[in-house]
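Observations on the three-dimensional arrangement
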Amino acid sequence: MSTAGKVIRCRAAVSWAPNTPATIEEIEVAPPQAGEVRIKIVATSVCHSDLYHLLESMTEDGFPTVLGHEGAGIVESVGPGVTEFQPGDKAIPLFLCQCKECRFCKSPRTNQCERAWTRIRQEIMAGVESRFTCKGKRIHQFMGTSTFSEYTVINQIAVTKIDPAAPLDKVCLLGCGICTGYGAAVNTAKVEAGSSCAVFGLGAVGLAAVMGCKAAGASRIIAVDINPDKAEKAKELGATDFLNPKDHSQPVHEVISGMTGGGVDFSLECVGNVEVMRSALESSMEAWGVSVVVGWTDMFDIAIRPRHLICGRTWKGSMFGGFKAKDGVAGMVRAFLEKKVKLDEFISHNMALEQVNDAIELMRNSQCVRVVMKVSPE
C-alpha cells in the first residue's frame, strides 16, 4: 500500500532533553511539502556532532530532537516541484545544502550555500522547519536531517542521489565524518605530494584526514592522539608515525618541530578543542605551514600570538571538507565503489537503532571509530 501523501508513523530515537538517554518512540512524519523529499533511512552512524549537541553544548531550546546526520536511505515519496528524485532512488541526506543557484554555490571559493544560513538555526543545531511530531509535540530535526528515524523529510537541496549499487550501510558514513576529514586534507589544506603532515585527533574525522593526506601523496604523516589504541588504525590508513603527547614532557608542537626540522607543511586539527587548535597551528612550519581547523566547537574563544601568523603561516577552517555537498558526496560514493576511498575500515561496530544509547556511550568513551545502526530493511 502506497504511503505517498500520507502521514507515516514510525520508530525514532527521540532525545527529549540534554544529557539524557534517547528513547525509542513512535513519531508522526508528515508528507513532503513543495521541494521536499521523504526518505526511508536504512542505515545511520553516530558522529561526534550528535554528542556535542546532546552532551556538550546542551542548548535547551534544541530539544526535543531526533539526532543523526550521517545516514543513507531510499526515497519514499517527493513533494510538488521535485524532479531530481523519484521513489526508489538511493540517497544520502546532507546537513550542508547546495542549491546550485546562490552566489556561494556558483563560486569556486566556497562550499557554503546561502540557503543553509536560513534553513538551519545554528544556535540550536536544528532545521527551521520540522515534519516530526510525537505525543502532540513538535520535534526538532537535528541539522535538518534526523537520521535516527525510520523516515525523515528533507529539502531537496540537502539530499544527494547516489549510485544504486552503493551499499547503504557503508556509504552512510559519507554524510559527514569521512568527507569532512578527507576533504580537509585534499580540498582545504591542499596537501602536496612529498609534503609532511600532522593530524591531531584520530576519531573518524582525523582518520579520514590521514587517508586524505596519503591520497594526496604526503611522504610523512604524523598521527597525534592521547589514546595509544588509535595507532594501529592510523597506520593502516596511511600514517607513518604515531605521537602520544602524554609520552613527552615537551609541548607537542615542540616535539613535532624536532621531528621535522621546524614543523610540518600541513597540520589538521580534528578534535574541536581550542587548545589543540593552537597546538596544531604551532606545529606547522612557521615560514609556510598551513594549519586547518576541522573539529567543531562554538563554546570557547581561541588565543594566539600574531607572530604565529605574521611569519608566513596560513590558518584556515574547513566545513564538510570543502566539498560542495550534493556533488561532493555523490563523487565520494563513486570513489568508494571504485576502491579509491576506504569505508569498511572505519566501521568498528554494527548495531540496531534500539541500541542507540549504547552507540552514544561507545563514542563518548572513545571505544569506537564509527557505529553503524541498521534502521530499516532495504
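For clarity, every value in this text was computed on a predicted model and none was experimentally measured.

Examining the pairing of strand E3 (residues 36-45)
Burial analysis of E3 places ten of its ten residues in the buried class, which makes it a mostly covered element. Examined bridge by bridge, E3 and strand E11 (residues 151-155) share five bridges and lie antiparallel to one another. Its bridge partner lying in E11, glutamate 36 is registered against asparagine 155. Bridge count for E3 against strand E5 (residues 70-78) is eight bridges, and the pairing is antiparallel. Note that in E5 the partner of alanine 43 across the bridge is alanine 72. Pairing between E3 and strand E20 (residues 370-374): three bridges, direction antiparallel. Among the inter-strand pairings, threonine 44 is bridged to a residue of E20, identified as methionine 373.

Describing the environment of alanine 184
The topology assignment puts alanine 184 in helix H5 (residues 177-189). According to the relative accessible area criterion, alanine 184 is buried, its value standing at 0%. Along the sequence, alanine 184 and serine 249 sit 65 residues apart, while their C-alpha atoms lie 30 Å from each other. In this structure alanine 184 touches Cys179, Ala189, Leu268, Val292, Val294, Ser318 and Gly321, once residues within four positions along its chain are discounted.

Examining the environment of alanine 204
The topology assignment puts alanine 204 in helix H6 (residues 204-215). According to the relative accessible area criterion, alanine 204 is buried, its value standing at 3%. Separated by 97 residues in the primary sequence, alanine 204 and aspartate 301 place their C-alpha atoms 25 Å from one another. In this structure, alanine 204 is in contact with Ile178, Phe346, Val369 and Arg370, ignoring residues within four places of it in sequence.

Structural notes on the sheet that holds strand E9 (residues 132-134)
Read around the barrel, five strands follow the order E1-E2-E9-E10-E4 and close on themselves; strand pairing throughout is mixed. Judged from the two bridges that link them, strand E4 (residues 65-66) and strand E10 (residues 137-141) form a sheet pairing that is parallel. Residue pairing across strands places threonine 65 opposite histidine 140, the latter belonging to E10.

Regarding unusual backbone geometry
That bond from phenylalanine 63 to proline 64 is cis: its omega, -5 degrees, falls within 30 degrees of zero. Summarising the element assignment, proline 64 is placed in the loop between helix H1 (48-57) and E4. Phi is positive for lysine 190, which is not a glycine, with a value near 60 degrees. One non-glycine residue with positive phi stands out, namely lysine 339, at about 65 degrees.

Some points on the layout of surface pockets
Any empty space left between atoms is shown by rolling a water-sized probe over those atoms. Estimated volume of the second largest pocket: approximately 210 Å³. Of all elements in the fold, only helix H3 (116-119) and E11 reach the threshold of two or more residues within the lining of the second largest pocket. Taken together, the residues that form the lining of the second largest pocket break down as four nonpolar, six polar and four charged.

Analysis parameters
- Residues numbered from 1 in each chain as written.
- Predicted model: local features only at pLDDT ≥ 70, side-chain atom pairs only at ≥ 80, totals over all residues.
- Heavy atoms only, no water.
- Buried < 20%, exposed > 50% of the residue type's maximum accessible area, 1.4 Å probe, protein only.
- Helix = DSSP H or I, 4+ residues; strand = E, 2+ residues; numbered from the N terminus.
- Pairing = 2+ DSSP bridges.
- Contact = heavy atoms within 4.5 Å.
- 1 Å grid on protein atoms, 1.4 Å probe; cavity = no way out; pocket = protein on both sides within 12 Å on 5 of 7 lines; lining within 4 Å.
- Points joined across faces, edges and corners; volume = space filled by probe spheres on them.
- Nonpolar A, V, L, I, M, F, W, Y, C, P; charged D, E, K, R; others polar.

By themselves, these observations are geometric and do not establish any function.
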